[in-house]
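Structure at a glance
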Amino acid sequence: MKLGLIAGNGRFPFLLLDAARAEGHEVVVAAIKEETDLEINDRAAADPGITVHWLSLGELSKLIETLQHAGVTRAVMAGQVKHKQIFSSIRPDWRLAKLLLNLRTRSTDVLLGAVAKVLGDEGIELISSTAFLEPLLAKEGVLTSRSPGEDERKNIEYGLSVATGLAAFDIGQTVVVAAQACMAIEAMEGTDAAIERAGELMRTLEAEASTLERRLTVIKLPKPKQDMRFDVPVIGLRTLEAMIRAGATCLAIEAERTLLFDGPALLRRAEEAGIAIVALPRRY
């Protein structure tokens, strides 16, 4: 089977590409000029089972035509596409412009869901982005040698309530908490930037008397009705390093619906930094 890969930024597209090729699939990559790493060209040059087509984020018609011409009937999205790009200087083609005009909101779920429907109407089924990466999904339980302490567990409990309340608004997956106080909520800037923003806020309190403890807890969860075809929660070394810089000591994710990239290296780094990582039971 030929598989279409709509590639955003980061390592996600490369992990999925390797997994799909290991299963014998030819892969047709639609690489987004504004996002995808140029390394994808090297992969294609070294493997005749991979072809790469570059297109702009605004070229929805070209995406469809590229996949159809290659004979692709199933595709997967992998890698982040910064939501703020929708409001940048990128010019949408007529098909994307029409789609945007008809949206009730421009949240991630609504926007990507609409793109998925357009692809489906054109005979291209968008499948789960975890279809080839199930071994990377977090298993339930404490993943580090250190379990969250009492204060960190209270932060997790509070963060869960905040995340649940925000789910209906589709404005992000991450909540950063200290002493059961919400320090930052992820919006369009992304997980790492939200963590760094919380760290900066805590640093402004260092010279002042404060009832807030200095340690941050990060809670990153899928939405209750998370569409696993896109925007799946991902944790990698980059996020862990952002936590270390911010002074975070605990990370809570959801088992079975969160991807852990570079798992062994991630956990080693967490151990070195004294960060507790826990994969909570699936809620929905």
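Just above, that's the structure.
Summed over the entire model, instances satisfying the criterion amount to 1 cavity of 30 Å³ or more. The calculated volume of the largest cavity comes to roughly 90 Å³. Lining the largest cavity are 15 residues, with A163, A167, G172, Q173 and L221 positioned closest to its centre. Looking at the lining of the largest cavity element by element, the count peaks at 3 residues for helix 6 (residues 150-166). Its residues placed into classes, the lining of the largest cavity shows 8 nonpolar, 4 polar and 3 charged.

Here the focus is the nonpolar core. Judged by nonpolar contacts, the single largest core of 29 residues is most densely connected at L60, L63, L99, L119 and L126. Elements with a minimum of two residues in this core: strand 2 (26-32), helix 3 (60-69), strand 4 (74-78), helix 4 (94-101) and helix 5 (108-121). Take this core: its biggest share by element is 7 residues, from helix 5. Those residues in contact with L63, other than ones at most four positions away along the chain, are I6, A30, L55 and L119.

On to the sheet that holds strand 4. Taken in spatial order, the 5 strands make up an open sheet running 3-2-1-4-5, and their pairing is parallel. The open sheet has two edge strands with one neighbour each: strand 3 (50-55) and strand 5 (125-126). Summarising the sheet, strand 1 (residues 2-7) and strand 2 pair through 6 bridges and their orientation is parallel. Paired with A7 across the strands is A31, a residue of strand 2. Across the face of the sheet, helix 1 (residues 12-22) comes into contact with strand 1, strand 2, strand 3 and strand 4 while running at roughly 170° to strand 1.

If you walk across this open sheet you meet the 6 strands as 6-13-11-9-7-8, and the pairing is mixed. Two strands close off the open sheet at either side, each with one partner strand: strand 6 (141-142) and strand 8 (181-185). The pairing of strand 9 (residues 216-220) with strand 11 (residues 248-254) spans 4 bridges and is parallel. Note on strand 11: the bridge partner recorded for L216 is A248. Strands in contact with helix 6 are strand 6, strand 7 (174-178), strand 8, strand 9, strand 11 and strand 13 (276-280); relative to strand 7, the strand with the most contacts, it is inclined by about 140°. Together, strand 9, strand 11 and strand 13 form the strand contacts of helix 8 (residues 237-246), whose direction differs from that of strand 11 by roughly 145°.

Attention now moves to the environment of H53. Structurally, H53 is set in strand 3. A residue is classified by how much of its surface remains accessible, and H53, at 34% relative accessible area, is partly exposed. C-alpha separation for the pair H53 and G8, spaced 45 residues apart in sequence, amounts to 13 Å. Setting aside residues no more than four positions away along its own chain, H53 makes contact with V28, V29, A30, A31 and T66.

Turning to the side chain of R95, a few remarks are in order. Within the element layout of this structure, R95 appears in helix 4. Among the polar contacts made by the side chain of R95, one reaches the side chain of S61 at a distance of 3.2 Å. Non-local contacts of R95, meaning those with residues more than four positions away in its chain, are made with L60, S61, I64, V118 and E122.

What follows deals with the pattern of salt bridges. Under the counting rule described, the total for this entry stands at 15 salt bridges. A salt bridge links R146 to E152; its shortest N-O distance comes to 2.9 Å. Through salt bridges that share partners, D18, E39 and R43 make up one connected network.

As a further point, take the packing of aromatic side chains. Enumeration according to the criterion identifies 1 aromatic pair in this entry. With a centroid separation of 5.3 Å and 65° between ring planes, the pair formed by F12 and F261 is classed as edge-to-face. In this pair, F12 sits in helix 1 while F261 sits in the loop between strand 12 (259-260) and helix 9 (263-273), placing the two residues 249 residues apart along the sequence.

What follows covers the pairing of strand 2. Extensive coverage of strand 2 is indicated by the burial of 6 of its 7 residues. With respect to chirality, the unit in which strand 1 leads through helix 1 into the neighbouring parallel strand 2 is right-handed. Relative to strand 3, strand 2 runs parallel, the two being bridged by 6 bridges. By the bridge assignment for strand 3, I32 is matched with L55. Each parallel crossover has a hand, and for strand 2 linked through helix 2 (residues 39-46) to strand 3 it is right-handed.

Definitions and cut-offs
- Residues numbered from 1 in each chain as written.
- Predicted model: local features only at pLDDT ≥ 70, side-chain atom pairs only at ≥ 80, totals over all residues.
- Heavy atoms only, no water.
- 1 Å grid on protein atoms, 1.4 Å probe; cavity = no way out; pocket = protein on both sides within 12 Å on 5 of 7 lines; lining within 4 Å.
- Points joined across faces, edges and corners; volume = space filled by probe spheres on them.
- Helix = DSSP H or I, 4+ residues; strand = E, 2+ residues; numbered from the N terminus.
- Nonpolar A, V, L, I, M, F, W, Y, C, P; charged D, E, K, R; others polar.
- Core = buried A, V, L, I, M, F, W, Y, C linked by side-chain atoms within 4.5 Å.
- Buried < 20%, exposed > 50% of the residue type's maximum accessible area, 1.4 Å probe, protein only.
- Contact = heavy atoms within 4.5 Å.
- Pairing = 2+ DSSP bridges.
- Axes fitted to C-alpha atoms, helices over the stretch in contact; angles between N-to-C directions.
- Polar contact = N/O pair within 3.5 Å; in protein donor to acceptor, adjacent residues only side chain to side chain.
- Salt bridge = Lys/Arg side-chain N within 4 Å of Asp/Glu carboxyl O.
- Phe/Tyr/Trp six-rings, centres within 6.5 Å; stacked < 30°, edge-to-face > 60°.
- Right-handed = clockwise from strand over helix to strand, strands pointing away.

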